[in-house]
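Coordinates in review
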Amino acid sequence: MARPLRIEFPGALYHVTARGNARSEIYLGDGDRLLFLSILADLVERYNWICHGYCLMGNHYHLLIETPDGNLSEGMRQLNGIYTQKFNRTHGRVGHVFCQGRFKSIVVDKDSHLLELCRYVVLNPVRAGMARHPKDYPWSSYCATAGLKKKLGLLTSDWILSQFGNDRQKAQQEYRKFVLAGISEESPWKKLVGQCLLGAESFLEKLSPFLREKAVFTEIPRVQRFALRPSLEVLLPERQSKPSRNKAIAAAHIDHGYSQQSIAAHLGLHYATVSRIIKKERNTSKNKT
């Protein structure tokens, strides 16, 4: 069974989501949402997390979590596990509440994308038609960050508001304008790299060592393990000699995880031809060693 890529290090920032099993509702009433936020608050304190934003939808949730101690997975197991136990006990159910009991985490460049994601997360109810204005939805961090209601202890809004100046009241006003201006903006997921990374090029380069460590774990989806690999255009340039091309074909498959089919399609070769080239290059490499 495939498992998602996990990149963890001190100071990492994530957009975390988890969806209901078989797309089922994960909150059956406001009591469930209050329970979830209570558990989250405990874990924010226990694991030294910084929660920059949240939004509890019907069958999923969004969290923006910064981990000074690099411990996202440990805390998320607790969050989803404890909530599942208490939800099932309350409603007389058994089994998974969340899809396969798992969560999805996207590693985010704080400097280039956190502010954009803070806006995206709290606009989810508006885009889903659940509220006309983000202030009308009580289960997101919008109102607390905007200064429209008391902030829950689990939420840290200092960094977000600091992006709009030192005067807190004016910063809250500018934050409200910023959020509303985002309704017409395109989704930040169009900038996603390998389904799991979001950031400037310099940030992505810093993550390369973490991805290289994960490349051998075949149960992690290929698109995630090789998220920062060069394109086929770079790996297989035109006007190469045949021996150079064959070596490049083998490297594209063995070292960078491209499928034989995608390589064949890129070069206009038959799949069987690419397969034979890779097999021959493997044998040649073995004989040299």
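What you see is a predicted model, and the numbers here were worked out from it, not measured in a lab.

What follows is about the overall build of the protein. Looking only at helices and strands, the protein has 13 helices and five strands in total. Along the three orthogonal principal directions, the C-alpha set of the protein runs to about 70 × 50 × 35 Å. Expressed as a percentage of the 289 residues in the protein, the buried residues total 46%. Nonlocal contacts in the protein, meaning residues at least 24 apart in sequence, comprise 69% of its contacts between residues at least 6 apart. In the structure as shown, the protein presents an accessible area of about 15200 Å², 49% of it carried by carbon and sulfur atoms. Side-chain charges of the protein comprise 42 positive and 26 negative groups, with the mean position of each set lying 7 Å from the other.

Okay, the environment of I277 next. Tracing the backbone shows I277 in helix α13 (residues 271-288). Separated by 124 residues in sequence, I277 and G153 place their C-alpha atoms 60 Å apart. Contact partners of I277, with chain neighbours within four places excluded, come to R245, N246 and I249.

Let us now look at unusual backbone geometry. Despite not being glycine, A22 has its phi angle at roughly 55°, a positive value. Structurally, A22 is set in the loop between β1 (12-19) and α1 (30-46). Take A22: its relative accessible area is 67%, and that puts it in the exposed class. Unusually for a residue other than glycine, N48 sits at a positive phi of about 60°. Within the fold, N48 resides in the loop between α1 and β2 (50-56). Owing to a relative accessible area of 40%, N48 belongs among the partly exposed residues under this scheme.

Before going further, it helps to spend a moment on the pattern of salt bridges. According to the stated counting rule, one finds six salt bridges in the structure shown. K190 serves as the salt-bridge partner of E186, at 3.8 Å between the closest nitrogen and oxygen. Relative accessible area serves as the criterion here: at 46%, E186 is assigned to the partly exposed category. By relative accessible area, which is 63% here, K190 ends up exposed.

Time to look at the packing of aromatic side chains. Tallied over the entire structure, the rule returns 12 aromatic pairs. Ring centres of Y61 and F98 lie 5.7 Å apart, and the angle between their planes is 85°; on these two criteria the pair is classed as edge-to-face. Taken as a pair, Y61 in strand β3 (residues 60-67) and F98 in the loop between α2 (72-91) and β4 (104-108) lie far apart in primary sequence, 37 residues in all. Take F98: its relative accessible area is 1%, and that puts it in the buried class. Aromatic ring contacts, followed pair by pair, group Y27, F36, Y61, Y83, F87 and F98 into a single cluster. Seen from the ring of F103, R6 lies directly overhead, with NZ or CZ sitting 3.6 Å from the centre. Here the basic side chain of R119 rests over the ring of F178, its NZ or CZ set 3.9 Å away from the ring centre.

In this section: α1. For α1, built from 17 residues, the straight-helix expectation of 24 Å at 1.5 Å per residue is met to within 8% by its first-to-last C-alpha distance of 24 Å. In this structure, the buried residues of α1 make contact with β2, β3 and α2. Downstream of α1 by one or two residues, N48 has phi in the positive range, about 60°.

Moving on, we get to the sheet that holds strand β5 (residues 197-198). Strand order in the open sheet formed by five strands is β2-β3-β1-β4-β5, and the pairing between neighbours is mixed. Each end of this open sheet is capped by a strand with a single partner; those strands are β2 and β5. Bridge count between β1 and β4: four bridges; the pairing is antiparallel. Considered in β4, the bridge of V16 is made with S105. On top of the sheet, helix α3 (residues 110-122) reaches β1, β2, β3, β4 and β5; it is set at about 155° to β3, its chief contact.

Time to look at the pairing of β2. In terms of residue burial, β2 counts as a mostly covered element, since six of its seven residues are buried. In the sheet, β2 pairs with β3 via six bridges, with the strands oriented antiparallel. Opposite G53, over in β3, you have L64 as the bridge partner. The turn linking β2 back onto β3 is made up of three residues.

Cut-offs used in this document
- Residues numbered from 1 in each chain as written.
- Predicted model: local features only at pLDDT ≥ 70, side-chain atom pairs only at ≥ 80, totals over all residues.
- Heavy atoms only, no water.
- Helix = DSSP H or I, 4+ residues; strand = E, 2+ residues; numbered from the N terminus.
- Buried < 20%, exposed > 50% of the residue type's maximum accessible area, 1.4 Å probe, protein only.
- Contact = heavy atoms within 4.5 Å.
- Areas by Shrake-Rupley, 256 points an atom, 1.4 Å probe, with all protein chains shown as cover.
- Lys, Arg positive; Asp, Glu negative; His and termini not counted.
- Charge placed at Lys NZ, Arg CZ, Asp CG, Glu CD.
- Salt bridge = Lys/Arg side-chain N within 4 Å of Asp/Glu carboxyl O.
- Phe/Tyr/Trp six-rings, centres within 6.5 Å; stacked < 30°, edge-to-face > 60°.
- Lys NZ or Arg CZ within 6 Å of the ring centre and 35° of its normal.
- Expected span 1.5 Å × (residues − 1).
- Pairing = 2+ DSSP bridges.
- Axes fitted to C-alpha atoms, helices over the stretch in contact; angles between N-to-C directions.

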